[in-house]
Amino acid sequence: MSDWQTIFDGAPVMTFDSGAAIFRREDPVRSMYLVRSGSVALERPLADGTALTLTLARSGMVSADPSLFADTYHCDAVVHDAAEVAILSRVAFLTTLSNRPEIALGLIEAYAHTIQSQRTRIEILRMRKASSRLDAWVDLNGAPPEGQWKRVAEDIGVSPPALYRELAKRRL
């Protein structure tokens, strides 16, 4: 399958600080975004002032793709970790997908993997105990690289201290 990320070759790259908004809900959809480094959350503001994180785009992931066929963005794109983001116009993105079916198929394949991962995460989050969530995550992914346990905590929906307590129990 083609490397679908080549669709962003030559696209301008912008740097954003943590907390910056790349776009806001109901802004007109004009561009697609590829996170080159850092992370960008797609968040939906809630009535109580909090935000619901719909997805977290990390390096190599497209952000805002659910809005590709919408007039306006459905959520806010907020930088969580300082990020470099390639920006391509929606017109250029769609034109490339139309003219280069191998890129379109590569993108579909990437989306299929994302859907599988999200379904797995949903099932892990349905588990009541942190220990069960951790067991399932490790069974599927193996131990994370050093320094990445905080990311595991995010993935399984527990606080880092709760995860570290569980890890400490297992070392006894």
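You'll find the structure just up there.
Scoring rules and cut-offs
- Residues numbered from 1 in each chain as written.
- Predicted model: local features only at pLDDT ≥ 70, side-chain atom pairs only at ≥ 80, totals over all residues.
- Heavy atoms only, no water.
- Core = buried A, V, L, I, M, F, W, Y, C linked by side-chain atoms within 4.5 Å.
- Buried < 20%, exposed > 50% of the residue type's maximum accessible area, 1.4 Å probe, protein only.
- Helix = DSSP H or I, 4+ residues; strand = E, 2+ residues; numbered from the N terminus.
- Contact = heavy atoms within 4.5 Å.
- Salt bridge = Lys/Arg side-chain N within 4 Å of Asp/Glu carboxyl O.

The biggest cluster of nonpolar side chains holds 32 residues, and the ones touching the most others in it are Phe8, Ile22 and Phe93. It is strand S6 (residues 76-89) that provides the largest number of residues to this core, a total of seven residues. Contacts of Phe8, omitting those with residues within four sequence positions, involve Met32, Tyr33, Leu34, Arg36, Val62, Ala86, Leu88 and Phe93. The next biggest cluster of nonpolar side chains, apart from the first, holds 11 residues, and it includes Ile124, Val158, Leu163 and Leu167.

This next bit is on the pattern of salt bridges. Considering all chains together, one arrives at seven salt bridges under this definition. A salt bridge links Glu123 to Arg126; its shortest N-O distance comes to 3.6 Å. Here the residue Glu123 and the residue Arg126 both occupy positions in helix H2 (residues 101-126), the gap between them amounting to three residues, near one helical turn. Looking at Glu123, the relative accessible area reads 43%, which means it is partly exposed. Arg170 is the salt-bridge partner of Glu166, the closest N and O atoms lying 2.9 Å from each other. Note that Glu166 and Arg170 are positioned in helix H5 (residues 160-170) at a spacing of four residues, about one turn of the helix.

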